[in-house]
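In case you want the letters, here they are:
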Amino acid sequence: MATVTKESNMTTVTKICCIGAGYVGGPTCSVIAFKCPHIQVTIVDLNAERIAAWNSDTLPIYEPGLDEIVRACRGRNLFFSSDVDKGILEADLIFVSVNTPTKKSGIGAGLAADLAYVESATRRIARIATSSKIVVEKSTVPCRTAESMRAILEANSRENIHFDILSNPEFLAEGTAIPDLLKPDRVLIGSLQSEEGKRAQQALAAVYANWVPRANIITMGLWSSELSKLAANALLAQRISSVNALSAICEATGADVDEVAHACGLDSRIGPKFLKASVGFGGSCFQKDILNLVYLSESLHLPEVADYWRQIVTMNEYQKTRFFELVIRRLFNTVTNKHLAIYGFAFKKNTGDTRESAAITLVKQFIKEKANVHIYDPKVDDAQIEMDLTDPSVATPAEFKKHVTIHHDAYSCAQDVDAVVILTEWDEFKTLDYEKVYRNMNKPAFIFDGRLILDTTKMKKIGFQVDVIGRQVY
Ligand code: NAD
Ligand code: UDX
């Protein structure tokens, strides 16, 4: 069965399968289905529970605007299934959008990407496919991964089947995934520079061209495309670490990091985005992808280059430690048996995702200091918080129960606490009735703003002892 139709030397995609129904595969392919009603899109995953959630009224991930998109096309041309093989068999084009976490053991542990999921998805495509397909790396992968995928596909597939491999990295950010996908700054499609490779590249470009202006669809070689994804994340994270490094200087000198960032950002060569100082960047990508770049540099015998990129992560750890030490110092050098309200547990606002959230590092340190921690986040599930903090080196399940209380509103969370610590920039934390929060706290009442979202003059006036990243508060 030939599922790829070729008309006047042009390959037309009519059926897409996406392997991996996660934060990237789910929203990305839902938007493709939404914008391309003539294409059948099936998103498959080994995790049947996750697929059941995609087929229910409560989607497995929180992302503003996603519900509406899924509701508009699920059952029409968008399907979620745990039948991975059927998805592979039917598709002209397959996105591989599986997780690529940092390796936990073996060669490259702590730095390299674990490509086991990419490899197992690739092997499955090779084993199951009965017709030629375009296979697209959607996952973020180290440079030249497409070469390994090609070797696996060619060595394991049936006769007369041809696979074209493309790199199409995803640049969406969580919390803004839907607007990012509907109006991407650019779509990147890398391919081999052979005639077949270019034809496959054009076939995928034609899918995006249903809603993305052609000028924003960039084509290039495979290795440049793979490396561009790691490079973009490293450059973004570098800006945050740079501004966080400046925040330490600001606290020591009396300069204000928001003012400095504003002044620098007005230079059109620098630009204003990604210059918000914070308690440290989190999320599933930045640290992982920079470490991946460090590993790549080391493997290429470029130690100076590796050290350069590593410093971004080192600075991020320093920022978290600095903030933790500030809280301890201000609370008279001990938080043992004190009560702390943690506002925000997600790694950024508008997501329920907690992967690599600075809150995890901070709260674990507070628990180690034997503080009583009260946590409120508008979107993170209780079970997720419990899972993130369950760590035998920090607390036994009994100690966790004793030291951590999860709340479902910000006011109860701060009742009778000594300090409020803001770790995620949720909008609702800007508009709380802080007089009420203050009234119900132990005195002196401390507030630590790790996201620079509070009006510090107002907080001082209410009576709070106020500390903010990157600014002295008088
Ligand atoms: P995720 O963990 O949310 O989802 C991955 C899914 O793949 C899981 O549901 C898992 O069950 C499934 N899976 C793994 N192996 C499989 C297999 N062999 N067959 C079928 N299903 C399989 O991960 P994510 O956040 O969606 O990230 C996916 C990739 O995209 C990663 O490489 C990541 O670096 C990259 N990325 C992520 C983001 C982001 O914001 N999360 C942004 C850009 C790129
Ligand atoms: C990032 C990239 O932005 C995206 O292009 C890529 O596809 C995946 O990785 P994401 O991690 O979802 O996206 O969110 P992002 O908005 O980049 O924020 C990452 C972390 O940096 C968050 O913890 C956020 O709070 C922090 N951040 C961001 C800052 O501390 N300051 C800033 O100015 C911007």
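Up top is the structure.
Please read all numbers here as calculations on a predicted model, not as lab measurements. (Residues numbered from 1 in each chain as written. Chains lettered and ligands numbered in written order. Predicted model: local features only at pLDDT ≥ 70, side-chain atom pairs only at ≥ 80, totals over all residues. Heavy atoms only, no water.)

A. Structural context of unusual backbone geometry. For the peptide bond that leads from Lys443 to Pro444, omega is -5°, which places it in the cis range. In this fold, Pro444 is placed in the loop between α17 (434-439) and β15 (446-449). In this structure, Glu356 takes a positive phi of about 60° despite not being glycine. Its relative accessible area of 44% is what places Glu356 among the partly exposed residues. (Helix = DSSP H or I, 4+ residues; strand = E, 2+ residues; numbered from the N terminus. Buried < 20%, exposed > 50% of the residue type's maximum accessible area, 1.4 Å probe, protein only.)

B. Geometry of the site of ligand 2. As a matter of local geometry, ligand 2 sits amid 20 residues, with Phe171, Leu172, Ser278, Phe347 and Arg451 nearest to it. Leu172 has a polar backbone atom sitting 2.7 Å from an oxygen atom of ligand 2. Leu275 has a polar backbone atom sitting 3.4 Å from an oxygen atom of ligand 2. Of the residues forming the shell around ligand 2, the biggest block, four residues, is contributed by helix α9 (residues 222-253). (Near = heavy atom within 4 Å. Polar contact = N/O pair within 3.5 Å; in protein donor to acceptor, adjacent residues only side chain to side chain.)

C. Expanded view of the nonpolar core. The biggest cluster of nonpolar side chains holds 67 residues, and the ones touching the most others in it are Tyr343, Val420, Tyr434 and Phe464. Among the elements that line this core, the one with the most residues is helix α13 (residues 358-368), at seven residues. Contact partners of Phe464, with chain neighbours within four places excluded, come to Tyr434, Val437, Tyr438, Met441, Ala445, Phe446, Ile447 and Met459. Val31, Ile61, Ala177 and Val207 belong to the second largest nonpolar core, which has 43 residues in total. (Core = buried A, V, L, I, M, F, W, Y, C linked by side-chain atoms within 4.5 Å. Contact = heavy atoms within 4.5 Å.)

D. Inspection of the site of ligand 1 at higher detail. Lining the immediate environment of ligand 1, one finds 26 residues, of which Asp45, Arg50, Thr100, Glu174 and Lys288 sit closest. A distance of 2.9 Å is found between an oxygen atom of ligand 1 and a backbone nitrogen or oxygen belonging to Val24. A total of 830 Å² of accessible area belongs to ligand 1 in isolation, and the protein chains cover 92% of it. The dominant element in the shell around ligand 1, judged by the number of residues it contributes, is helix α5 (residues 116-128), at three residues. Class assignment for the residues of the shell around ligand 1 results in nine nonpolar, ten polar and seven charged. (Areas by Shrake-Rupley, 256 points an atom, 1.4 Å probe, with all protein chains shown as cover. Nonpolar A, V, L, I, M, F, W, Y, C, P; charged D, E, K, R; others polar.)

E. Structural detail: the sheet that holds strand β13 (residues 404-407). Reading across the sheet, the six strands line up as β13-β12-β11-β14-β15-β16 and stay open at both edges, with parallel pairing between neighbours. Both outer strands of the open sheet, β13 and β16 (465-468), are each paired with one neighbouring strand and no more. If you compare each strand with its neighbour and ignore which way they point, the axes differ by 20° on average. Here β15 runs beside β16; their pairing, made up of four bridges, is parallel. (Pairing = 2+ DSSP bridges. Axes fitted to C-alpha atoms, helices over the stretch in contact; angles between N-to-C directions.)

F. Here's a closer look at the side chain of Lys288. Its place among the elements puts Lys288 in helix α11 (residues 286-299). Residue classification places Lys288 among the buried positions, given a relative accessible area of 13%. When sequence neighbours within four positions are dropped, the list of residues in contact with Lys288 reads Thr100, Pro101, Thr102, Leu111 and Thr140.

G. Highlighting α9. The terminal C-alpha atoms of α9, which comprises 32 residues, lie 47 Å apart, in line with the 46 Å expected from a rise of 1.5 Å per residue. At the C-terminal side of α9, Gly254 shows a positive phi close to 95°. (Expected span 1.5 Å × (residues − 1).)

H. Expanded view of the packing of aromatic side chains. Under the counting rule described, the total for this entry stands at twelve aromatic pairs. Ring centres 5.6 Å apart and planes at 50° place the aromatic pair Tyr208 and Trp211 in the tilted group. With respect to class, Tyr208 is no different from Trp211; both count as buried. Ring centres of Phe324 and Phe366 lie 5.5 Å apart, and the angle between their planes is 50°; on these two criteria the pair is classed as tilted. Taken together, the residues Phe324 in helix α12 (residues 303-330) and Phe366 in helix α13 connect sequence positions 42 residues apart. Accessibility expressed as a relative area gives 11% for Phe324, which makes it buried. Here the aromatic cluster, defined as three or more aromatic residues joined through ring pairs, consists of Phe274, Phe281 and Phe286. Over the ring of Tyr62 we find Lys379, and its NZ or CZ is 4.3 Å from the ring centre. For the cation-ring pair, Lys443 lies above Tyr438, with the distance from its terminal atom to the ring centre recorded as 4.7 Å. (Phe/Tyr/Trp six-rings, centres within 6.5 Å; stacked < 30°, edge-to-face > 60°. Lys NZ or Arg CZ within 6 Å of the ring centre and 35° of its normal.)

Bear in mind that shape data such as this cannot, by itself, settle questions of function.
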